[in-house]
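The lines below spell out each chain.
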Amino acid sequence: MSADAMSSDAEVTLLVFAKAPIPGKVKTRLMPSLDAEQACDVHVELLKRTLEVSCQVFPAARVQLWAGLAPRHPLLEALAARHGIALHAQPSGDLGQRMHTALSAQRGPALLIGSDCPVLTPALLARCVGALNAYDLVMLPAEDGGYALIGGHRLSARLFEDMAWGNSEVGAQTLARARELGLRVVCPGTVWDIDTPRDLARWRNRGDST
């Protein structure tokens, strides 16, 4: 679905969470198979791909890049300018607090993604947007037990509190919490992201890593 094809009355905003590309601070689980610079290059490649996919589905005014580590990093500013999207500093707190704060800053429904899911396609992202017409919460669970996308309509902070971030149970915990809150939940697909050398090899072997 192109930006023009997305229903204008949905007014869904997409938030992309990403760290600044600082060698030794990003994709560290790819080391020592890669050195710090090479791991950082992978991070940049994935971020560029994520933004390309995002802007195929959403108009630029509805895409926001939320940056951690060094929000005014020159490359992040250049990418934001290239795509015409807003660049924000991630708020303080743990991952759950940061995500909830960013989502709560939006006037309407919003989706939030990371920058390291190489199998997030425009078609899948568009399906997630469409699902917001019928569901309170949309998630894309990841094979490692986490999730690559979450979003909905004015989500409660409770959905993000006291979670075992980085643990293989966080996806299941989030779904259980959603049930406790009485939310209508849909998971349009299951994806995987790049954390380890094995993940990177899997991506490269697909032949679509550009």
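(A) Structural view of the overall build of the chain. In terms of helices and strands, the chain carries 6 helices and 7 strands. Across the chain, helices and strands are ordered from the amino to the carboxyl terminus as β-α-β-α-β-α-β-α-β-β-α-β-α. If one aligns the C-alpha atoms of the chain with their principal axes, the spans along those axes are about 45 × 35 × 35 Å. For the chain, the residues scored as buried account for 49% of the 210 residues in total. Taking contacts inside the chain between residues at least 6 apart in sequence as the whole, the part at least 24 apart equals 67%. Working note: accessible area of the chain is about 9,800 Å², and carbon and sulfur atoms make up 49% of it.

(B) Quick look at the packing of helix α1 (residues 36-57) against helix α2 (residues 74-83). Their axes nearest at 11 Å, the elements α1 and α2 cross at an angle of 20°. In this view, α1 runs roughly parallel relative to α2, as classed from their interaxial angle. For the pair α1 and α2, the sense of crossing is right-handed. Seen from α1, the contacting residues are V44, L47, K48, L51, E52 and C55; seen from α2, they are L75, L76, L79 and H83. Within the contact of α1 with α2, the residues separate by chemical class into 7 nonpolar, 1 polar and 2 charged.

(C) Molecular detail of the pairing of strand β2 (residues 63-68). Most of β2 is tucked away: 6 of the 6 residues are buried. Side chains of β2 alternate between two faces, with V63, L65 and A67 and Q64, W66 and G68 buried alike. Relative to β2, strand β1 (residues 13-19) runs parallel, the two sharing 6 bridges. Bridge pairing in β2 links K19 to G68. Across 4 bridges, β2 lies against strand β3 (residues 86-89) in parallel orientation. Directly across from A67, in β3, lies its bridge partner A89. The parallel pair β2 and β3, bridged by α2, forms a crossover whose chirality is right-handed.

(D) Structural detail: helix α5 (residues 170-180). Within α5, the full set of buried residues consists of V170, G171, T174, R177 and A178. With its buried residues spanning 125° around the axis, α5 presents them on a single face. In α5, the exposed positions angled more than 90 degrees off the buried face are occupied by R179 and E180. Once α5 finishes, G182 follows within two positions and takes phi at roughly 75°, a positive value.

(E) Seen up close, the side chain of D136. Mapped onto the secondary structure, D136 falls in the loop between α4 (122-131) and β5 (137-141). There is a polar contact of 2.8 Å between the side chain of D136 and the backbone nitrogen of R184. Those residues in contact with D136 that sit more than four places away from it in its chain are G151, G152, H153, L155, G182, L183 and R184.

(F) Spatial organisation of helix α6 (residues 197-206). Three or more residues of α6 are buried, namely D199, L200 and W203. Looking down the long axis of α6, one finds its buried residues gathered within 100° of arc, a one-sided arrangement. In α6, the exposed residues that point more than 90 degrees away from the buried face are R198 and N205. Check the buried side of α6 and you find it contacts α1.

Cut-offs used in this document
Residues numbered from 1 in each chain as written. Predicted model: local features only at pLDDT ≥ 70, side-chain atom pairs only at ≥ 80, totals over all residues. Heavy atoms only, no water. Helix = DSSP H or I, 4+ residues; strand = E, 2+ residues; numbered from the N terminus. Buried < 20%, exposed > 50% of the residue type's maximum accessible area, 1.4 Å probe, protein only. Contact = heavy atoms within 4.5 Å. Areas by Shrake-Rupley, 256 points an atom, 1.4 Å probe, with all protein chains shown as cover. Axes fitted to C-alpha atoms, helices over the stretch in contact; angles between N-to-C directions. Parallel < 35°, antiparallel > 145°, perpendicular 65-115°, else oblique. Left-handed = near helix turned anticlockwise from the far one by under 90°. Nonpolar A, V, L, I, M, F, W, Y, C, P; charged D, E, K, R; others polar. Pairing = 2+ DSSP bridges. Right-handed = clockwise from strand over helix to strand, strands pointing away. Arc of directions from axis to C-beta. Polar contact = N/O pair within 3.5 Å; in protein donor to acceptor, adjacent residues only side chain to side chain.

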